[in-house]
Amino acid sequence: MEGLNLVTQNDPKNPAAEAYRVIRTSVQFAQAGKELQTIALTSCTPNEGKSTTIANLAVVLTQAGKSVLLIDCDMRNPTVHKNFNLSNKVGLSSCISMGTALADAVQATAIESLDALTAGVIPPNPSELLGSERMQNVLQRAKEQYDYVLIDTPPVMPVTDALIISRFVDGMILVIASGEVKVEMAREVKNQLVNAGANILGVVLNKVRSEHHGYGYGYYYYYGNDGEKHKKSE
């Protein structure tokens with residue numbers, strides 16, 4: 001498969017693939033007693049590995065027998081269509097601004113049980129579209145058709161899009177690049193999400209320097225109902 005190198009699909013025994021399965025397990029544990037169907041991923045800044053993380057999380061969820069829709073809400077810098085070699089002529093922006101039916105905009109990927117809704121034509125007003133009633137309707141229809149709806153959102157620091165989406169989803173996961181984001185910035189982003197009403201499920205610490213495996217997806221910190229931090233290593 002061209003496009004994104006999906007380690008969870010192409011090299012499932014790789015330690016990085018196992019780390020994604022740890023994230024999947026943590027997400028499934030987080031469901032205890034509450035609905036957790038729509039999950040958005042964001043980051044503090046660009047290029048922290050958010051889109052790679054969400055794509056691989058989508059794959060491991062399908063490997064667990066779940067149907068997944070991956071939605072590209074990063075209308076300013078869309079990547080889902082590139083990662084999965086899909087057309088971007090019709091997508092999320094079409095559903096919101098033109099009323100295109102979800103079924104007419106969704107595309108099947110090469111991964112069984114994984115569909116994608118690309119960003120579509122880049123609009124001049126992404127924030128307004130993402131905060132609209134039509135956006136909420138798209139999410140509701142998606143929830144009726146898929147076990148999980150994963151949403152790729154822009155980084156928090158440059159724009160407000162992720163904060164807007166956080167109000168409409170069941171949970172948020174924050175991807176942070178180890179050694180690239182200062183603690184103060186990570187705290188500021190977390191506070192912004194909390195203030196926006198986000199249900200933060202946990203943090204994926206990305207680009208961790210591993211003694212045995214080089215840079216990869218090393219640890220997932222899941223914040224459980226007890227408010228304590230639980231560390232799961234690769």
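For every chain, the first residue of the written sequence is number 1, and numbering continues from 1 along that sequence. In keeping with the model being predicted, local features are shown solely for residues with a pLDDT of at least 70 and side-chain atom pairs are shown and tallied solely at 80 or more, while totals for entire chains, interfaces and linings include all residues. As a convention, hydrogens and water are excluded, and side-chain values are obtained from all of the structure's heavy atoms.

### Thoughts on the pairing of strand β1 (residues 38-43)
The side chains of a regular strand alternate, residue by residue, between the two faces of the sheet. Under the convention used in this document: Using a 1.4 Å probe on the protein chains alone, a residue whose accessible area is under 20% of its type maximum counts as buried, one over 50% counts as exposed, and one in between counts as partly exposed. Helix numbering and strand numbering both begin at the N terminus, where a helix is a DSSP run of H or I of at least 4 residues and a strand a DSSP run of E of at least 2. Following DSSP output, two strands are said to pair if at least two bridges run between them.
Most of β1 is tucked away: 6 of the 6 residues are buried. The pairing of β1 with strand β5 (residues 148-152) spans 4 bridges and is classified as parallel. For Thr38, the partnering residue across the bridge sits in β5 and is Val149. Sheet analysis places β1 next to strand β6 (residues 171-177), joined by 5 bridges and oriented parallel. Following the sheet pairing, Thr42 is matched in β6 by Leu174.

### Considerations on the side chain of Asp72
Operational definition: Polar contact is defined as a pair of N or O atoms within 3.5 Å, subject to the rule that within protein one atom must be able to donate a hydrogen and the other to accept it, and that residues adjacent in sequence are counted only when both atoms are side-chain atoms. By the convention used here, residues are in contact when the closest approach between their heavy atoms is within 4.5 Å.
Summarising the element assignment, Asp72 is placed in strand β2 (residues 68-72). Here the side chain of Asp72 touches Thr79 through a polar contact of 2.9 Å, landing on its backbone nitrogen. A distance of 3.0 Å separates a polar side-chain atom of Asp72 from the backbone nitrogen of Val80. What Asp72 contacts, discounting residues up to four positions off in sequence, is Pro78, Thr79, Val80, Leu92, Leu117, Thr118, Ala119 and Asp152.

### Things to note about the environment of Val159
Turning to its location among the elements, Val159 is positioned in the loop between β5 and α9 (161-166). Accessibility expressed as a relative area gives 19% for Val159, which makes it buried. Residues contacting Val159, with those up to four places away along its chain left out, are Arg76 and Pro154.

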